[in-house]
Amino acid sequence: MDVSRLNLALDHALIAGGGLIVDLREVEFIDTAILACLAKYAKSLSDTECRMKVKVRHESHPDCVLKTVGFSHIMDIAVSAPVRECKVEETTA
């Protein structure tokens, strides 16, 4: 994930007003630059009645990192339900 693109997208969303929803469900890895960016925007919303929401996949790297560093105190972390595969085999009758 490119932090400059994330900054730009969040700038535009913040200007539009309201809360921010960041969808990281397709992201495999986040680094400290991404964490700093998310923290900056979450804190900028703390002066308003809005709160940032970040969507992540269950037990993904972003899910584990955001919870480990305690970001649930400054943003809502929405974890998607784990996908359960169901294999159906054909039987010959």
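Fair warning: this is a prediction, and the values are worked out from it, not measured in the lab.

A. Molecular detail of the nonpolar core. Ranked by size, the top nonpolar core spans 22 residues in total, and within it V22, L24, I30, L38, M52, V54 and L66 carry the most contacts. With eight residues, helix α2 (residues 32-45) is the largest single contributor of residues to this core. In contact with V22, not counting residues within four places along its chain, are L6, L10, L38, M52, K53, V54 and K55.

B. Looking closely at the sheet that holds strand β2 (residues 53-57). Judged by pairing direction, the sheet is parallel, and its three strands sit side by side in the order β1-β2-β3 without closing on themselves. The open sheet has two free edges, formed respectively by β1 (21-23) and β3 (76-80), since each of these has just one partner strand. Across the sheet, the mean angle separating the axes of adjacent strands is 20 degrees when strand polarity is ignored. Relative to β2, β1 runs parallel, the two sharing three bridges. Residue pairing in the sheet places D23 in a bridge with K55 of β2. Each of β2 and β3 touches helix α3 (residues 61-68); the most contacted strand, β2, lies at about 130 degrees to it.

C. Representation of the pattern of salt bridges in the model. Applying the stated criterion to the full structure yields four salt bridges. Taking the shortest distance from any N to any O, the salt bridge between E28 and R57 comes out at 3.5 Å. Of the two residues, E28 is situated in the loop between β1 and α2 and R57 in strand β2; the sequence distance between them amounts to 29 residues. Judged by relative accessible area, E28 falls into the exposed class, the value being 58%. For R57, a relative accessible area of 27% gives the class partly exposed.

Criteria and thresholds
- Residues numbered from 1 in each chain as written.
- Predicted model: local features only at pLDDT ≥ 70, side-chain atom pairs only at ≥ 80, totals over all residues.
- Heavy atoms only, no water.
- Core = buried A, V, L, I, M, F, W, Y, C linked by side-chain atoms within 4.5 Å.
- Buried < 20%, exposed > 50% of the residue type's maximum accessible area, 1.4 Å probe, protein only.
- Helix = DSSP H or I, 4+ residues; strand = E, 2+ residues; numbered from the N terminus.
- Contact = heavy atoms within 4.5 Å.
- Pairing = 2+ DSSP bridges.
- Axes fitted to C-alpha atoms, helices over the stretch in contact; angles between N-to-C directions.
- Salt bridge = Lys/Arg side-chain N within 4 Å of Asp/Glu carboxyl O.

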